[in-house]
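Letter by letter, the chains look like this.
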Amino acid sequence: MAMAMEKPSTILIALDDSSHSTYAFEWYIDHMYRPGHDVIIGNIPHYAHLPTPVVSINHSQMVQEGDQEVSRIIQHIREKLDTIGVNAKLLRLTGEAGPSKVRAAIDHQADCIITGSRGLGPVKRTLIGSVSDYILHHAHCPVLVCQRRERAKTK
């Protein structure tokens, strides 16, 4: 009896400019990555959540600085991926961080989402919101939230 070829796992890694998401990316590479995984890096600039562009020098400067930061992050990710031999698709996401990452996972049929956590307590998480909490509650697939060990020990 012939065995059916198994579809490679598609992994969406939510990355921004935080050390928490970088930790999640590195944790995935060190502990979960397998050759054949389809790796998708979803990056959202920190200014992308603005509801409508405000025409001003400050807004234009903020967008330009955000673009430079995204380019720096993507270059760093690309170098790391090339060094370890991981082929990945890089996506530039727009909109609110949580919904855009969940939508990317649906659009790319991700089997798992990897994201970092700032380690907010329940009060701060309620007041300012948590992207990882949003992803956990809205994703169609399993979600791995990586919390840095030094943060986890202090709680």
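Rules behind the numbers
- Within each chain, residue numbers correspond to sequence positions counted from 1 in written order.
- Confidence filtering applies because this is a predicted model: local features only for residues at pLDDT of at least 70, side-chain atom pairs given and counted only at 80 or more, and all residues used for totals across whole chains, interfaces and linings.
- To get the side-chain values, all heavy atoms of the structure are used, and hydrogens and water are removed first.
- Secondary structure counts use DSSP, requiring at least four H or I residues in a row for a helix and at least two E residues in a row for a strand, with both numbered from the N terminus.
- Under the scheme applied here, a residue whose accessible area is under 20% of the maximum for its type counts as buried, over 50% as exposed, and between as partly exposed, the area being computed with a 1.4 Å probe on protein chains only.
- What makes two residues a contact is simply this: any of their non-hydrogen atoms within 4.5 Å.
- Helix axes use the C-alpha atoms of the stretch in contact, all axes being lines fitted to C-alpha atoms, and the angles between their N-to-C directions lie in the range 0 to 180 degrees.
- With respect to orientation, any angle under 35 degrees is reported as roughly parallel, any angle over 145 as roughly antiparallel, any angle of 65 to 115 as roughly perpendicular, and every other angle as oblique.
- Each helix crossing is assigned a hand: it is left-handed if the near helix lies turned anticlockwise from the far helix by less than a right angle, otherwise right-handed if that turn is clockwise.
- Nonpolar residues are Ala, Val, Leu, Ile, Met, Phe, Trp, Tyr, Cys and Pro. Charged residues are Asp, Glu, Lys and Arg, and all others, Gly as well, are polar.
- One speaks of a salt bridge when a side-chain nitrogen belonging to Lys or Arg is within 4 Å of a carboxyl oxygen belonging to Asp or Glu.
- Nonpolar cores were defined as sets of buried Ala, Val, Leu, Ile, Met, Phe, Trp, Tyr and Cys residues, with membership established by side-chain atoms within 4.5 Å.
- Whenever a nitrogen or oxygen atom comes within 3.5 Å of another N or O atom, the pair is scored as a polar contact, on the condition that within protein one atom can donate a hydrogen and the other can accept it, and that pairs from neighbouring residues in sequence are kept only if both atoms are in side chains.

1. Examining the overall build of the protein
Secondary structure assignment for the protein yields 6 helices and 5 strands. If you list the helices and strands of the protein from N to C, you get β-α-β-α-β-α-β-α-α-β-α. Taken over 155 residues, the protein has a buried fraction of 35%. Contacts spanning at least 24 positions in sequence make up 76% of the contacts within the protein whose residues lie at least 6 apart.

2. Some thoughts on the packing of helix H3 (residues 97–107) against helix H5 (residues 131–138)
It is the contact of H3 with H5, at a shortest axis distance of 8 Å, that shows an interaxial angle of 40°. When the axes of H3 and H5 are compared, the pair comes out oblique. The handedness of the crossing between H3 and H5 is right-handed. Along its contact with H3, which presents Ala-97, Gly-98, Pro-99, Lys-101 and Val-102, the element H5 presents Val-131, Tyr-134, Ile-135 and His-138. Per-class residue counts for the contact of H3 with H5 are 6 nonpolar, 2 polar and 1 charged.

3. Some details on the pattern of salt bridges
One pass over the structure, following the stated rule, counts 1 salt bridge. Among the salt bridges present, the one from Asp-107 reaches Arg-103, with a minimum N-O distance of 3.4 Å. Of this pair, Asp-107 and Arg-103 both sit in helix H3, 4 residues apart, which is roughly one turn of that helix.

4. Considering the nonpolar core
Residues Ile-13, Tyr-28, Val-39, Ile-41 and Ile-114 are the most contacted members of the largest nonpolar core, which totals 18 residues. Elements with a contribution of two residues or more to this core: strand E1 (10–15), helix H1 (19–31), strand E2 (38–43), helix H2 (57–84) and strand E4 (112–116). No other element matches H1, which puts 4 residues into this core. Discounting chain neighbours no more than four positions away, the residues touching Tyr-28 are Ile-11, Ile-13, Tyr-33, His-37, Val-39 and Ile-114. One finds Ala-110, Ile-113, Ile-135 and Val-143 within the second-largest nonpolar core, a separate group that totals 13 residues.

5. Here we look at the environment of Gln-75
Positionally, Gln-75 belongs in helix H2. Polar side-chain contacts of Gln-75 include one of 2.9 Å to the side chain of Glu-79.

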